[in-house]
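# Architecture and fold: a report
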Amino acid sequence: MLTASKDQELPKNPFIIGKSVQQLIGKVEDARSINNGTSYVIKVRDAKQAEKLLAMKKLFDDTEVTVSYHRLNFSRCVVTCHDVIDIDEKELSEELRPQGITNVRRIQRTVSGKKVNTATLVLTLSGTVIPEFLYFGLLRVKTRTYYDQPMLCYRCYTYGHTKNRCEKPQLCQNCSNIHEEEECRFPAYCLNCKGNHPANSKKCPIYEFENRVCNVAAENLVSLGEARKMVSAENRPSTYANVSKLQQRLEDVRSNDEILRLRTENQQLKEQLQNFQTLSAEFEAMKLKLASLERRSPISPKPSTASRTTRKTFKNKTPKRKCRISLHTTPLKRLSPSTSGRGNVFTIGNSELTFLSPSAGSDEVEEQLYDIRSTMDTSQPLFSDDGGEH
(Lines give C-alpha, C1' and ligand atoms only; values in the text may rest on other atoms or scores of the structure.)
Protein backbone atom coordinates (compact mmCIF):
# COMPACT_ATOMS: atom_id res chain seq x y z
CA MET A 1 0.00 0.00 0.00
CA LEU A 2 1.42 3.36 -1.08
CA THR A 3 0.71 6.50 0.99
CA ALA A 4 2.22 9.92 1.26
CA SER A 5 4.63 10.66 4.08
CA LYS A 6 3.70 12.95 6.97
CA ASP A 7 2.68 16.51 6.12
CA GLN A 8 2.39 15.62 2.41
CA GLU A 9 -0.31 14.51 0.00
CA LEU A 10 -0.25 12.29 -3.02
CA PRO A 11 -0.47 14.19 -6.34
CA LYS A 12 -3.94 14.50 -7.78
CA ASN A 13 -2.63 13.50 -11.19
CA PRO A 14 -2.84 9.67 -11.36
CA PHE A 15 -0.35 9.56 -14.27
CA ILE A 16 2.45 10.80 -12.01
CA ILE A 17 1.90 7.91 -9.59
CA GLY A 18 1.51 5.43 -12.43
CA LYS A 19 4.73 6.43 -14.21
CA SER A 20 6.71 6.47 -10.95
CA VAL A 21 5.66 2.93 -10.05
CA GLN A 22 5.99 1.45 -13.56
CA GLN A 23 9.47 2.93 -14.08
CA LEU A 24 10.56 1.22 -10.89
CA ILE A 25 8.96 -2.24 -11.06
CA GLY A 26 7.33 -2.49 -14.48
CA LYS A 27 3.71 -3.45 -15.15
CA VAL A 28 1.58 -4.17 -12.08
CA GLU A 29 -1.25 -6.68 -11.70
CA ASP A 30 -3.84 -4.25 -10.34
CA ALA A 31 -4.17 -0.94 -8.49
CA ARG A 32 -6.89 1.23 -6.98
CA SER A 33 -7.13 4.38 -4.88
CA ILE A 34 -8.76 4.33 -1.42
CA ASN A 35 -9.63 6.86 1.27
CA ASN A 36 -10.48 9.60 -1.24
CA GLY A 37 -7.20 9.24 -3.11
CA THR A 38 -4.92 9.49 -0.06
CA SER A 39 -3.66 5.93 -0.52
CA TYR A 40 -3.12 3.40 -3.31
CA VAL A 41 -3.47 -0.34 -3.05
CA ILE A 42 -1.11 -1.94 -5.57
CA LYS A 43 -1.13 -5.63 -6.46
CA VAL A 44 2.14 -6.92 -7.94
CA ARG A 45 2.93 -10.14 -9.76
CA ASP A 46 5.79 -11.59 -7.73
CA ALA A 47 8.01 -11.14 -4.67
CA LYS A 48 10.76 -9.29 -6.61
CA GLN A 49 8.35 -6.55 -7.59
CA ALA A 50 7.15 -6.35 -3.99
CA GLU A 51 10.72 -5.95 -2.67
CA LYS A 52 11.48 -3.12 -5.14
CA LEU A 53 8.22 -1.35 -4.34
CA LEU A 54 8.85 -1.56 -0.59
CA ALA A 55 12.17 0.27 -1.16
CA MET A 56 10.46 3.16 -2.93
CA LYS A 57 10.82 6.50 -1.07
CA LYS A 58 9.89 9.20 -3.64
CA LEU A 59 7.85 9.73 -6.76
CA PHE A 60 9.54 11.32 -9.78
CA ASP A 61 7.99 14.71 -8.75
CA ASP A 62 9.87 14.38 -5.42
CA THR A 63 6.77 13.59 -3.35
CA GLU A 64 7.85 11.48 -0.40
CA VAL A 65 5.88 8.25 0.00
CA THR A 66 5.73 5.26 2.27
CA VAL A 67 5.08 1.75 0.99
CA SER A 68 4.00 -1.02 3.34
CA TYR A 69 2.33 -4.40 3.12
CA HIS A 70 -1.43 -4.23 2.88
CA ARG A 71 -3.29 -6.11 5.55
CA LEU A 72 -4.57 -8.49 2.88
CA ASN A 73 -1.01 -9.77 2.63
CA PHE A 74 -1.44 -11.09 6.12
CA SER A 75 -3.76 -13.78 7.37
CA ARG A 76 -4.83 -14.88 10.80
CA CYS A 77 -5.60 -18.24 12.28
CA VAL A 78 -6.56 -19.70 15.66
CA VAL A 79 -4.76 -22.47 17.53
CA THR A 80 -5.33 -24.09 20.93
CA CYS A 81 -2.36 -25.46 22.85
CA HIS A 82 -2.60 -26.07 26.62
CA ASP A 83 1.16 -26.65 26.95
CA VAL A 84 1.97 -22.95 26.29
CA ILE A 85 -0.74 -21.39 28.47
CA ASP A 86 1.88 -19.86 30.81
CA ILE A 87 4.31 -18.63 28.11
CA ASP A 88 4.38 -14.90 27.32
CA GLU A 89 3.05 -13.64 23.96
CA LYS A 90 6.38 -12.02 22.97
CA GLU A 91 8.28 -15.23 23.63
CA LEU A 92 5.76 -17.22 21.62
CA SER A 93 6.05 -14.74 18.75
CA GLU A 94 9.86 -15.11 18.69
CA GLU A 95 9.67 -18.91 18.82
CA LEU A 96 7.10 -19.09 16.02
CA ARG A 97 8.70 -16.47 13.75
CA PRO A 98 10.59 -19.08 11.62
CA GLN A 99 7.17 -20.49 10.66
CA GLY A 100 5.99 -17.11 9.32
CA ILE A 101 4.22 -15.88 12.46
CA THR A 102 4.46 -12.09 12.89
CA ASN A 103 2.20 -11.57 15.89
CA VAL A 104 0.63 -13.60 18.71
CA ARG A 105 -2.43 -12.53 20.70
CA ARG A 106 -3.79 -14.63 23.54
CA ILE A 107 -7.51 -14.89 24.22
CA GLN A 108 -8.39 -14.12 27.85
CA ARG A 109 -11.53 -14.55 29.90
CA THR A 110 -12.75 -12.84 33.04
CA VAL A 111 -13.05 -14.91 36.22
CA SER A 112 -14.16 -13.13 39.43
CA GLY A 113 -13.22 -9.78 37.92
CA LYS A 114 -9.73 -10.90 36.87
CA LYS A 115 -8.31 -11.65 33.43
CA VAL A 116 -7.23 -15.26 33.08
CA ASN A 117 -5.20 -16.73 30.19
CA THR A 118 -6.72 -19.37 27.97
CA ALA A 119 -5.04 -21.92 25.72
CA THR A 120 -6.40 -20.22 22.58
CA LEU A 121 -4.08 -18.01 20.53
CA VAL A 122 -4.75 -15.75 17.54
CA LEU A 123 -1.75 -15.87 15.22
CA THR A 124 -0.93 -13.43 12.41
CA LEU A 125 0.98 -14.89 9.46
CA SER A 126 2.73 -13.21 6.57
CA GLY A 127 1.13 -14.24 3.30
CA THR A 128 -2.36 -15.42 2.43
CA VAL A 129 -1.81 -19.17 2.78
CA ILE A 130 -2.58 -20.61 6.21
CA PRO A 131 -0.74 -23.85 6.99
CA GLU A 132 -2.82 -26.78 8.18
CA PHE A 133 -0.53 -27.35 11.17
CA LEU A 134 1.96 -25.32 13.22
CA TYR A 135 4.68 -26.75 15.46
CA PHE A 136 5.09 -25.74 19.09
CA GLY A 137 8.40 -27.45 19.67
CA LEU A 138 7.70 -31.10 18.88
CA LEU A 139 3.94 -30.65 19.22
CA ARG A 140 1.93 -30.42 16.00
CA VAL A 141 -1.13 -28.18 16.48
CA LYS A 142 -3.97 -27.88 13.96
CA THR A 143 -4.96 -24.38 12.80
CA ARG A 144 -8.48 -22.95 12.38
CA THR A 145 -9.81 -19.99 10.41
CA TYR A 146 -10.09 -16.78 12.38
CA TYR A 147 -13.33 -14.83 12.00
CA ASP A 148 -13.46 -11.15 12.97
CA GLN A 149 -16.36 -9.83 14.99
CA PRO A 150 -18.37 -6.89 13.62
CA MET A 151 -16.85 -3.57 14.66
CA LEU A 152 -19.41 -1.86 16.91
CA CYS A 153 -18.86 1.52 18.53
CA TYR A 154 -19.85 1.41 22.20
CA ARG A 155 -20.40 5.17 22.24
CA CYS A 156 -22.87 5.77 19.42
CA TYR A 157 -23.69 2.06 18.88
CA THR A 158 -23.22 2.08 15.13
CA TYR A 159 -21.03 -0.27 13.09
CA GLY A 160 -17.79 0.53 11.26
CA HIS A 161 -15.60 2.20 13.87
CA THR A 162 -14.56 1.91 17.51
CA LYS A 163 -15.26 4.00 20.57
CA ASN A 164 -11.76 5.51 20.56
CA ARG A 165 -12.41 7.21 17.21
CA CYS A 166 -15.96 8.34 17.88
CA GLU A 167 -16.75 11.96 18.72
CA LYS A 168 -20.51 11.54 19.19
CA PRO A 169 -22.22 11.74 22.60
CA GLN A 170 -22.63 8.61 24.69
CA LEU A 171 -25.90 6.79 23.98
CA CYS A 172 -27.77 4.28 26.09
CA GLN A 173 -27.20 0.72 25.01
CA ASN A 174 -30.81 -0.24 25.71
CA CYS A 175 -32.93 2.65 24.41
CA SER A 176 -30.40 4.48 22.18
CA ASN A 177 -31.18 7.77 23.94
CA ILE A 178 -29.03 10.15 25.95
CA HIS A 179 -29.63 10.01 29.71
CA GLU A 180 -27.51 10.01 32.83
CA GLU A 181 -29.26 7.18 34.69
CA GLU A 182 -27.27 3.96 34.75
CA GLU A 183 -30.40 1.82 34.82
CA CYS A 184 -32.56 2.46 31.77
CA ARG A 185 -36.31 2.69 32.40
CA PHE A 186 -37.28 3.07 28.76
CA PRO A 187 -38.25 0.25 26.37
CA ALA A 188 -35.51 -1.30 24.24
CA TYR A 189 -34.89 0.36 20.90
CA CYS A 190 -32.19 -0.33 18.29
CA LEU A 191 -30.85 2.68 16.45
CA ASN A 192 -29.59 0.56 13.55
CA CYS A 193 -32.63 -1.52 12.51
CA LYS A 194 -35.35 0.39 14.44
CA GLY A 195 -36.27 -2.82 16.24
CA ASN A 196 -37.40 -3.35 19.82
CA HIS A 197 -34.15 -4.81 21.14
CA PRO A 198 -30.87 -3.38 22.53
CA ALA A 199 -28.42 -1.90 20.03
CA ASN A 200 -25.80 -4.59 20.69
CA SER A 201 -28.17 -7.54 20.29
CA LYS A 202 -26.88 -10.40 18.15
CA LYS A 203 -30.42 -10.94 16.87
CA CYS A 204 -30.32 -7.57 15.12
CA PRO A 205 -30.48 -7.91 11.30
CA ILE A 206 -27.69 -5.33 10.96
CA TYR A 207 -25.44 -7.40 13.23
CA GLU A 208 -26.19 -10.53 11.21
CA PHE A 209 -25.29 -8.68 8.01
CA GLU A 210 -22.02 -7.34 9.45
CA ASN A 211 -21.14 -10.75 10.84
CA ARG A 212 -21.72 -12.29 7.41
CA VAL A 213 -19.41 -9.67 5.89
CA CYS A 214 -16.63 -10.61 8.34
CA ASN A 215 -17.04 -14.31 7.56
CA VAL A 216 -16.94 -13.74 3.79
CA ALA A 217 -13.83 -11.60 4.14
CA ALA A 218 -12.05 -14.30 6.17
CA GLU A 219 -13.09 -17.18 3.92
CA ASN A 220 -12.26 -15.45 0.61
CA LEU A 221 -9.25 -13.39 1.80
CA VAL A 222 -10.74 -10.11 0.60
CA SER A 223 -11.17 -6.72 2.21
CA LEU A 224 -14.24 -5.83 4.22
CA GLY A 225 -15.35 -3.48 1.44
CA GLU A 226 -15.24 -6.22 -1.17
CA ALA A 227 -16.91 -8.65 1.22
CA ARG A 228 -19.66 -6.10 1.85
CA LYS A 229 -20.32 -5.86 -1.89
CA MET A 230 -20.46 -9.65 -2.17
CA VAL A 231 -22.93 -9.97 0.70
CA SER A 232 -25.04 -7.09 -0.65
CA ALA A 233 -25.24 -8.89 -3.99
CA GLU A 234 -26.44 -12.02 -2.20
CA ASN A 235 -29.20 -10.09 -0.41
CA ARG A 236 -30.16 -7.91 -3.37
CA PRO A 237 -33.90 -8.05 -4.04
CA SER A 238 -34.89 -9.92 -7.16
CA THR A 239 -36.05 -7.95 -10.18
CA TYR A 240 -39.27 -8.70 -12.04
CA ALA A 241 -37.32 -10.36 -14.83
CA ASN A 242 -35.47 -12.63 -12.41
CA VAL A 243 -38.71 -13.56 -10.67
CA SER A 244 -40.34 -14.36 -14.02
CA LYS A 245 -37.40 -16.55 -15.02
CA LEU A 246 -37.54 -18.35 -11.69
CA GLN A 247 -41.28 -18.97 -12.02
CA GLN A 248 -40.84 -20.28 -15.57
CA ARG A 249 -38.07 -22.58 -14.38
CA LEU A 250 -40.27 -23.89 -11.58
CA GLU A 251 -43.09 -24.54 -14.07
CA ASP A 252 -40.68 -26.41 -16.35
CA VAL A 253 -39.47 -28.52 -13.46
CA ARG A 254 -43.04 -29.29 -12.42
CA SER A 255 -43.93 -30.20 -16.04
CA ASN A 256 -40.95 -32.52 -16.26
CA ASP A 257 -41.93 -34.14 -12.98
CA GLU A 258 -45.51 -34.62 -14.23
CA ILE A 259 -44.28 -36.17 -17.49
CA LEU A 260 -42.00 -38.50 -15.60
CA ARG A 261 -44.85 -39.54 -13.29
CA LEU A 262 -47.17 -40.25 -16.25
CA ARG A 263 -44.48 -42.28 -17.99
CA THR A 264 -43.97 -44.35 -14.87
CA GLU A 265 -47.70 -45.00 -14.51
CA ASN A 266 -47.95 -45.91 -18.20
CA GLN A 267 -45.12 -48.42 -17.86
CA GLN A 268 -46.79 -49.97 -14.81
CA LEU A 269 -50.11 -50.30 -16.70
CA LYS A 270 -48.33 -51.97 -19.62
CA GLU A 271 -46.74 -54.50 -17.28
CA GLN A 272 -50.10 -55.22 -15.62
CA LEU A 273 -51.77 -55.68 -19.04
CA GLN A 274 -49.04 -58.06 -20.14
CA ASN A 275 -49.44 -60.10 -16.96
CA PHE A 276 -53.21 -60.22 -17.48
CA GLN A 277 -52.81 -61.42 -21.06
CA THR A 278 -50.42 -64.15 -19.93
CA LEU A 279 -52.83 -65.35 -17.24
CA SER A 280 -55.74 -65.24 -19.71
CA ALA A 281 -53.83 -67.41 -22.21
CA GLU A 282 -52.96 -69.91 -19.46
CA PHE A 283 -56.62 -70.03 -18.38
CA GLU A 284 -57.83 -70.72 -21.95
CA ALA A 285 -55.26 -73.50 -22.31
CA MET A 286 -56.47 -75.10 -19.06
CA LYS A 287 -60.08 -74.92 -20.28
CA LEU A 288 -59.18 -76.68 -23.54
CA LYS A 289 -57.26 -79.36 -21.68
CA LEU A 290 -60.15 -79.97 -19.29
CA ALA A 291 -62.66 -80.25 -22.16
CA SER A 292 -60.42 -82.78 -23.87
CA LEU A 293 -60.25 -84.90 -20.72
CA GLU A 294 -64.03 -84.81 -20.31
CA ARG A 295 -64.52 -86.06 -23.86
CA ARG A 296 -62.19 -89.00 -23.27
CA SER A 297 -63.64 -90.19 -19.91
CA PRO A 298 -66.92 -88.72 -18.72
CA ILE A 299 -67.03 -88.09 -15.03
CA SER A 300 -70.03 -89.51 -13.08
CA PRO A 301 -70.83 -88.31 -9.59
CA LYS A 302 -69.82 -90.67 -6.86
CA PRO A 303 -72.64 -91.38 -4.38
CA SER A 304 -72.02 -90.65 -0.77
CA THR A 305 -71.26 -93.61 1.47
CA ALA A 306 -73.85 -94.16 4.21
CA SER A 307 -73.30 -95.97 7.54
CA ARG A 308 -73.23 -99.80 7.65
CA THR A 309 -76.70 -100.16 9.18
CA THR A 310 -78.36 -97.72 6.80
CA ARG A 311 -80.17 -99.05 3.78
CA LYS A 312 -78.95 -97.60 0.53
CA THR A 313 -81.42 -96.62 -2.13
CA PHE A 314 -80.55 -95.60 -5.69
CA LYS A 315 -82.64 -95.00 -8.77
CA ASN A 316 -83.12 -98.13 -10.88
CA LYS A 317 -83.43 -96.66 -14.34
CA THR A 318 -80.73 -98.72 -16.08
CA PRO A 319 -80.78 -102.47 -16.92
CA LYS A 320 -79.75 -104.72 -14.08
CA ARG A 321 -76.26 -106.14 -14.09
CA LYS A 322 -75.82 -109.87 -13.63
CA CYS A 323 -73.34 -111.12 -11.06
CA ARG A 324 -72.85 -114.14 -8.85
CA ILE A 325 -72.30 -114.14 -5.10
CA SER A 326 -70.72 -117.12 -3.36
CA LEU A 327 -70.45 -117.36 0.41
CA HIS A 328 -68.45 -119.92 2.29
CA THR A 329 -70.26 -121.90 5.06
CA THR A 330 -72.97 -119.33 5.28
CA PRO A 331 -76.09 -119.76 3.17
CA LEU A 332 -77.46 -116.75 1.33
CA LYS A 333 -81.24 -116.61 1.49
CA ARG A 334 -83.34 -114.34 -0.58
CA LEU A 335 -86.15 -112.84 1.41
CA SER A 336 -88.20 -110.69 -0.86
CA PRO A 337 -88.00 -107.61 -3.06
CA SER A 338 -87.44 -104.38 -1.21
CA THR A 339 -90.42 -102.38 -0.26
CA SER A 340 -89.38 -99.62 -2.61
CA GLY A 341 -89.16 -102.07 -5.52
CA ARG A 342 -85.69 -100.83 -6.41
CA GLY A 343 -83.73 -103.92 -5.35
CA ASN A 344 -83.61 -107.33 -3.59
CA VAL A 345 -83.06 -108.01 0.08
CA PHE A 346 -80.95 -110.95 1.29
CA THR A 347 -80.07 -112.24 4.77
CA ILE A 348 -76.74 -113.58 5.81
CA GLY A 349 -76.88 -114.75 9.38
CA ASN A 350 -78.33 -111.87 11.33
CA SER A 351 -77.29 -109.33 8.70
CA GLU A 352 -79.59 -107.93 6.08
CA LEU A 353 -78.30 -106.70 2.73
CA THR A 354 -80.09 -104.89 -0.04
CA PHE A 355 -78.69 -105.00 -3.55
CA LEU A 356 -79.93 -102.10 -5.56
CA SER A 357 -79.69 -100.97 -9.13
CA PRO A 358 -76.55 -101.59 -11.13
CA SER A 359 -75.92 -97.86 -11.13
CA ALA A 360 -74.38 -98.37 -7.72
CA GLY A 361 -71.67 -100.42 -9.39
CA SER A 362 -69.88 -103.58 -8.31
CA ASP A 363 -67.62 -101.58 -5.97
CA GLU A 364 -70.60 -100.62 -3.82
CA VAL A 365 -71.86 -104.24 -3.63
CA GLU A 366 -68.43 -105.56 -2.84
CA GLU A 367 -67.98 -103.00 -0.09
CA GLN A 368 -71.15 -104.25 1.68
CA LEU A 369 -70.24 -107.92 1.22
CA TYR A 370 -66.75 -107.27 2.48
CA ASP A 371 -68.13 -105.81 5.68
CA ILE A 372 -70.19 -109.04 6.24
CA ARG A 373 -67.45 -111.40 5.17
CA SER A 374 -65.01 -109.87 7.66
CA THR A 375 -67.15 -111.48 10.41
CA MET A 376 -67.25 -114.99 8.83
CA ASP A 377 -63.61 -116.13 8.81
CA THR A 378 -63.59 -117.25 5.18
CA SER A 379 -61.04 -116.91 2.44
CA GLN A 380 -63.44 -117.48 -0.46
CA PRO A 381 -64.28 -114.52 -2.68
CA LEU A 382 -67.68 -113.02 -2.13
CA PHE A 383 -68.04 -111.36 -5.48
CA SER A 384 -67.38 -112.43 -9.04
CA ASP A 385 -68.40 -111.06 -12.38
CA ASP A 386 -69.13 -114.35 -14.25
CA GLY A 387 -72.81 -113.85 -14.85
CA GLY A 388 -74.42 -114.74 -11.50
CA GLU A 389 -77.77 -113.15 -10.85
CA HIS A 390 -78.39 -111.14 -7.67
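Residues numbered from 1 in each chain as written. Predicted model: local features only at pLDDT ≥ 70, side-chain atom pairs only at ≥ 80, totals over all residues. Heavy atoms only, no water.

This part takes up the overall build of the protein. Counting its secondary structure elements, the protein contains seven helices and 13 strands. Looking at the 390 residues of the protein, the share that counts as buried comes to 29%. Once local pairs closer than 6 in sequence are excluded, the contacts in the protein between residues at least 24 apart make up 48%. (Helix = DSSP H or I, 4+ residues; strand = E, 2+ residues; numbered from the N terminus. Buried < 20%, exposed > 50% of the residue type's maximum accessible area, 1.4 Å probe, protein only. Contact = heavy atoms within 4.5 Å.)

Unlike most non-glycine residues, serine 112 shows phi in positive territory, near 55°. Mapped onto the fold, serine 112 is located in the loop between β6 (101-111) and β7 (114-126). Look at serine 112 and you get exposed, because its relative accessible area is 74%. A positive phi is found at tyrosine 157, a non-glycine position, where the angle reads about 60°. Within the fold, tyrosine 157 resides in the loop between β10 (144-145) and α4 (205-220). Given the relative accessible area of 6%, tyrosine 157 is considered buried.

Neighbouring strands of a sheet are bound in pairs by backbone hydrogen bonds; such pairs are parallel or else antiparallel. Read from one edge to the other, the open sheet built from four strands follows the order β6-β7-β5-β10, with strand pairing classed as antiparallel. Since the sheet does not close on itself, it has two edges, and those belong to β6 and β10, each with one partner. Pairing of strand β5 (residues 74-80) with β10, which is carried by two bridges, proceeds in the antiparallel orientation. Within β10, the residue paired with valine 78 across the bridge is arginine 144. The strands touched by helix α3 (residues 89-96) within the sheet are β6 and β7, with β6 carrying the most contacts at an inclination of about 150°. (Pairing = 2+ DSSP bridges. Axes fitted to C-alpha atoms, helices over the stretch in contact; angles between N-to-C directions.)

Counting buried residues along strand β3 (residues 39-43), four of its five residues qualify, which places the element largely inside the surrounding structure. Where strand β1 (residues 2-4) meets β3, two bridges bridge the pair, whose relative direction is antiparallel. Across the sheet, the residue bridging to threonine 3 is serine 39, located in β3. Examined bridge by bridge, strand β2 (residues 30-34) and β3 share five bridges and lie antiparallel to one another. In the strand pairing of β3, arginine 32 is matched with valine 41. Here β2 folds back onto β3 in antiparallel fashion, the turn holding four residues, of which asparagine 35 has a positive phi close to 55°.

This paragraph deals with the packing of aromatic side chains. Scanning the entire structure with this criterion turns up one aromatic pair. Consider the rings of tyrosine 154 and tyrosine 157, whose centres lie 5.9 Å apart with planes at 75°: the pair is edge-to-face. Geometry around phenylalanine 133 places arginine 140 over its ring, the cationic atom sitting 3.9 Å from the centre. The positively charged end of lysine 142 is found above the aromatic ring belonging to phenylalanine 133, 5.4 Å away from the centroid. (Phe/Tyr/Trp six-rings, centres within 6.5 Å; stacked < 30°, edge-to-face > 60°. Lys NZ or Arg CZ within 6 Å of the ring centre and 35° of its normal.)

What follows covers the packing of helix α1 (residues 14-25) against helix α2 (residues 47-54). Running from N to C, α1 and α2 point in directions that differ by 125°, and their axes come no closer than 9 Å. The orientation of α1 relative to α2 falls into the category oblique. As α1 packs across α2, the resulting crossing turns out to be right-handed. Each of Val21, Leu24 and Ile25 in α1 lies in contact with α2, whose residues at this interface are Gln49, Lys52 and Leu53. (Parallel < 35°, antiparallel > 145°, perpendicular 65-115°, else oblique. Left-handed = near helix turned anticlockwise from the far one by under 90°.)

This part covers the sheet that holds β2. What the four strands build is an open sheet, ordered β2-β3-β1-β4; its pairing is antiparallel. The open sheet has two free edges, formed respectively by β2 and β4 (65-67), since each of these has just one partner strand. Each strand axis lies, on average, 20° off the axis of its neighbour in the sheet, ignoring direction.

What follows is about α2. What sets the pattern is the α-helix's 3.6 residues per turn: residues three or four places apart point alike. Restricting attention to buried positions, one finds in α2 the residues Gln49, Ala50 and Leu53. Taken around the axis of α2, the buried residues stretch over an arc of 100°, which confines them to a single face. Relative to its buried face, α2 has exposed residues pointing more than 90 degrees away, namely Ala47, Lys48 and Glu51. (Arc of directions from axis to C-beta.)

All right, on to the confidence of the model for the protein then. Looking at the protein, the pLDDT average stands at 75 and 69% of residues meet or exceed 70. Taken element by element, the protein is modelled with least confidence in strand β11 (residues 333-337), mean pLDDT 43, and with most confidence in strand β9 (residues 139-142), mean pLDDT 93. Every residue in residues 305-362 is under pLDDT 50, and counting partners more than four places away or in other chains gives 109 contacts. Counting contacts from residues 377-390, a segment whose pLDDT is below 50, to residues more than four positions away or on other chains yields 38 contacts. (pLDDT = per-residue confidence, 0-100.)

Now for the pattern of salt bridges. The tally for this structure, following the rule as stated, stands at four salt bridges. A salt bridge links lysine 142 to glutamate 132; its shortest N-O distance comes to 3.6 Å. Taken together, the residues lysine 142 in strand β9 and glutamate 132 in the loop between β7 and β8 (133-136) connect sequence positions 10 residues apart. For lysine 142, a relative accessible area of 48% translates into the label partly exposed. (Salt bridge = Lys/Arg side-chain N within 4 Å of Asp/Glu carboxyl O.)

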